[in-house]
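Close look at the chain arrangement
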Amino acid sequence: MNHSRSNAGAPHESDLPPYQVVLAETDWESLQTAFGNGEDLPRVLARLLEPDPRVQVSALSELGELVGHQNTIYEATAPVAMYVAGILTHPAAMTLRPYRNVPIRATLLNWLVSTAYDASDEIVGRTEQYFPGFLTHDTTVAAFRDLRPMLYRAVAPFLQDSHEDVREAAVIAALILAEHPALAEHRDHLAVHARAILDTSSDDPNRRVAWKALEAWGHDVPDPEPLREELWDRGPHSDGRGDLEPPF
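Residues numbered from 1 in each chain as written. Predicted model: local features only at pLDDT ≥ 70, side-chain atom pairs only at ≥ 80, totals over all residues. Heavy atoms only, no water.

**So, the nonpolar core**
Grouped together as the largest cluster of nonpolar side chains are 72 residues, with contacts concentrated most on L48, L63, V80, L108, W111, V155 and L175. Ranked by residues supplied to this core, first place goes to helix 9 (residues 164-177) with 10 residues. (Core = buried A, V, L, I, M, F, W, Y, C linked by side-chain atoms within 4.5 Å. Buried < 20%, exposed > 50% of the residue type's maximum accessible area, 1.4 Å probe, protein only. Helix = DSSP H or I, 4+ residues; strand = E, 2+ residues; numbered from the N terminus.)

In structure tokens:
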């Protein structure tokens, strides 16, 4: 993971702007992506609202490459994450993925999980060991981390969603975003959800996030499980393409 030189495209308002505003008012061409500027991003983002889940998942995969390549936070990552968070309540987020009857909303949340993890305390801490000063106030990574309270407020309504996949993805996203000091007041509440992940989830990376959050926040935790660090690595961004294939 690396960082670029500015905080362009990362506003500090307390409330998430409507996704239409993010799309229309962001100067995409001025923002860095993994492969040049972000001039193609509006077209890709618009595909997230298509009724075909194959188109939606393909767009998320493309976004993962453009603004999350090699687990990197780019200048364009912040407004893209704001757009994705902003459409969580859009009717298109309720499109069902083929074969598994799971709303695309879960895939959107998992994309936010992967992106937030790339700027998490754990990843930034590891990077700081090798590149002192990596996290300074004027870096793109620092600007993205400043957005965590805003992103949290978009994710929080789904912590008790009726669909298990949506609920679990929202919890994991919230646990990572709640590392921000301004969200400390939510951690005791989130600890209840973290314990539910440990009690019910069979997803090892998600269990690892829940366990580490409880430990970091001073809660009693069960004995650590033999979860390897690399179990998190589903690729730079989990795009859910496997969910478009029939299960075997």
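**As for empty space enclosed by the protein**
Enumeration over the complete set of coordinates arrives at 1 cavity of 30 Å³ or more. One number sums up the size of the largest cavity: a volume of about 30 Å³. Looking at the largest cavity, the residues that line it are A116, A119, S120, F144, R145, R148, I176, L177 and E179. When contributions to the lining of the largest cavity are tallied by element, the ones reaching two or more residues are helix 7 (140-146) and helix 9. (1 Å grid on protein atoms, 1.4 Å probe; cavity = no way out; pocket = protein on both sides within 12 Å on 5 of 7 lines; lining within 4 Å. Points joined across faces, edges and corners; volume = space filled by probe spheres on them.)

**A few points about a negative patch on the surface**
A cluster of like negative charges, contributed by D27, E29, E39 and D40, occupies part of the molecular surface. Along the chain, D27 falls in the loop between helix 1 (19-25) and strand 1 (32-33). (Patch = residues over 30% accessible without salt bridge, like charges linked within 9 Å, V, L, I, M, F, W, Y side chains within 5 Å. Areas by Shrake-Rupley, 256 points an atom, 1.4 Å probe, with all protein chains shown as cover. Salt bridge = Lys/Arg side-chain N within 4 Å of Asp/Glu carboxyl O. Lys, Arg positive; Asp, Glu negative; His and termini not counted. Charge placed at Lys NZ, Arg CZ, Asp CG, Glu CD.)

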